[in-house]
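Per-entry structural report
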Amino acid sequence: MGGGTLSQKGNRMESMRGYYYYDTKDMFGWDKVQMQGSTYMRKSDSVSYKMDAEIAHFYTKTYIWNDKGEILSADKGWYNHLNGEYYFWVNAYILSEKQESWSDTMDYKSDAEHVLFLSNVQIRDDEQKAMAFGDHAERGGARDEGLLTRNPSVLNWEEEGDTVYMRADSIWVYTINIYEKEGAVAGLPNDSLGMSLPEQGGESMPPLVSPTVQQQLAEAAAAQQAAIEQQPAKTR
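Presented here is a report on the structure given in the accompanying data block. Each chain carries its own residue numbering, running from 1 in the written order of its sequence. Whole-chain, interface and lining totals are the exception, using all residues; otherwise, since this is a predicted model, local features are given only for residues with pLDDT of at least 70 and side-chain atom pairs are given and counted only at 80 or more. Only hydrogens and water are set aside when side-chain values are computed; all heavy atoms of the structure are taken into account.

1. Quick look at the overall build of the protein chain
Basically, it comes down to this: Helix and strand definitions follow DSSP, with helices as H or I runs of at least four residues and strands as E runs of at least two, each counted in order from the N terminus. When accessible area is computed with a 1.4 Å probe and restricted to protein chains, residues below 20% of their type maximum are described as buried, those above 50% as exposed, and intermediate ones as partly exposed. Any two residues having at least one pair of non-hydrogen atoms within 4.5 Å are treated as being in contact. In this description, accessible areas are obtained by the Shrake-Rupley approach with a 1.4 Å probe, and a residue is regarded as covered only by the protein chains that are shown.
In terms of helices and strands, the protein chain carries 1 helix and 17 strands. The buried share of the protein chain, reckoned over its 236 residues, is 32%. In the protein chain, once contacts between residues fewer than 6 apart in sequence are set aside, the share between residues at least 24 apart is 26%. Accessible area for the protein chain stands at about 14,900 Å²; split by element, carbon and sulfur atoms hold 51% of it.

Shown next, in the form of structure tokens:
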């Protein structure tokens, strides 16, 4: 029986057993370790905490809940309280409102909204109805862009439709608003990949592309048809 508690700058660490080194300001805790602050809560069985640098290392399966509504876990890693950076290795995992991701190694700079995944990467995006695989992936930026390399592949599905499979040496994924330059269409979301359209034939169904793009497509189709008609009959 027993246990102890250590608090510093709004961070509190509790464990059933542990050591505190006054000279180096290092705290080691094991057996039902829990750390929490204003933006996170962490549970593990083995944690060391450098009070000067405000960096916590963990050496067994650890779960973290943060103020963004994310759940993170890994078997080993560290977390920097000053800059909000997580570095996980061995079974790294992150679950957010819209995505679920797995990899062997993960470097997540939460303040910058940038994530680097390495080795055995799997990313599931329910909003975009897509899954991505590879051994190297990065995600972040204002448009939530993603770069996949090292044997990448992507699949995209519809609830009542086909599934598209893609494979390349490198895949760059991002979302654009097809109405941005021509003006927004009332009632449609900004995310063109995430919208669901009315059934075909509906009078109120908006165009999938802007009038300018429609005209360009029509001109290209007419030119292609004219070229085909000018070919000799035997070559058709």
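This is not the end of the story, as more comes after the structure.
2. Notes on unusual backbone geometry
Glycine aside, the phi torsion of most residues is negative, and most peptide linkages are trans. Backbone geometry places Lys-32, a non-glycine residue, at a positive phi of 60 degrees. Here Lys-32 is to be found in strand E4 (residues 26-36). Given the relative accessible area of 63%, Lys-32 is considered exposed. Unusually for a residue other than glycine, Asn-91 sits at a positive phi of about 60 degrees. Structurally, Asn-91 can be placed in strand E10 (residues 85-95). For Asn-91, a relative accessible area of 44% corresponds to the partly exposed category.

3. Quick notes on the environment of Val-33
Position of Val-33 among the secondary structure elements: in strand E4. For Val-33, a relative accessible area of 2% puts it in the buried group. Measuring from C-alpha to C-alpha, the distance between Val-33 and Thr-62 comes to 9.5 Å, with 29 residues separating the pair along the chain.

4. Some details on the nonpolar core
Using the following cut-off: Only buried residues count toward a nonpolar core. Its members are Ala, Val, Leu, Ile, Met, Phe, Trp, Tyr and Cys residues joined through side-chain atoms within 4.5 Å.
Leu-72, Phe-88, Met-106 and Phe-117 are the most contacted members of the largest nonpolar core, which has 29 residues in total. When residues of this core are traced back to their parent elements, those giving at least two are E4, strand E5 (40-50), strand E6 (55-58), strand E8 (71-74), E10, strand E11 (99-109), strand E12 (114-125) and strand E13 (130-140). The contact partners of Phe-88, leaving out residues within four places of it in the chain, are Phe-58, Ile-64, Leu-72, Ser-73, Ala-74, Lys-76, Gly-77, Trp-78, Asp-104, Thr-105 and Met-106.

5. Topic: the pattern of salt bridges
Our working rule: A pair is scored as a salt bridge if a Lys or Arg side-chain nitrogen falls within 4 Å of a carboxyl oxygen belonging to Asp or Glu.
In the structure shown here, the tally under the stated rule is 9 salt bridges. In this structure, Lys-61 and Asp-75 form a salt bridge, with 3.4 Å as the shortest nitrogen-oxygen distance. Pair noted here: Lys-61 is in the loop between E6 and strand E7 (62-66) and Asp-75 is in the loop between E8 and strand E9 (76-80), with a separation of 14 residues, a long-range link. Judged by relative accessible area, Lys-61 falls into the partly exposed class, the value being 35%. For Lys-68, the salt bridge is made with Glu-113, and the minimal N-O distance between the two is 2.8 Å. Taken together, the residues Lys-68 in the loop between E7 and E8 and Glu-113 in the loop between E11 and E12 connect sequence positions 45 residues apart. The exposure class assigned to Lys-68 is partly exposed, which follows from its relative accessible area of 37%. On the basis of relative accessible area, Glu-113 is assigned to the partly exposed category, the value being 42%. Here the salt bridges share partners, and the residues they tie into one network are Glu-85, Asp-107 and Lys-109.

Any link to function would need more than the numbers given here.
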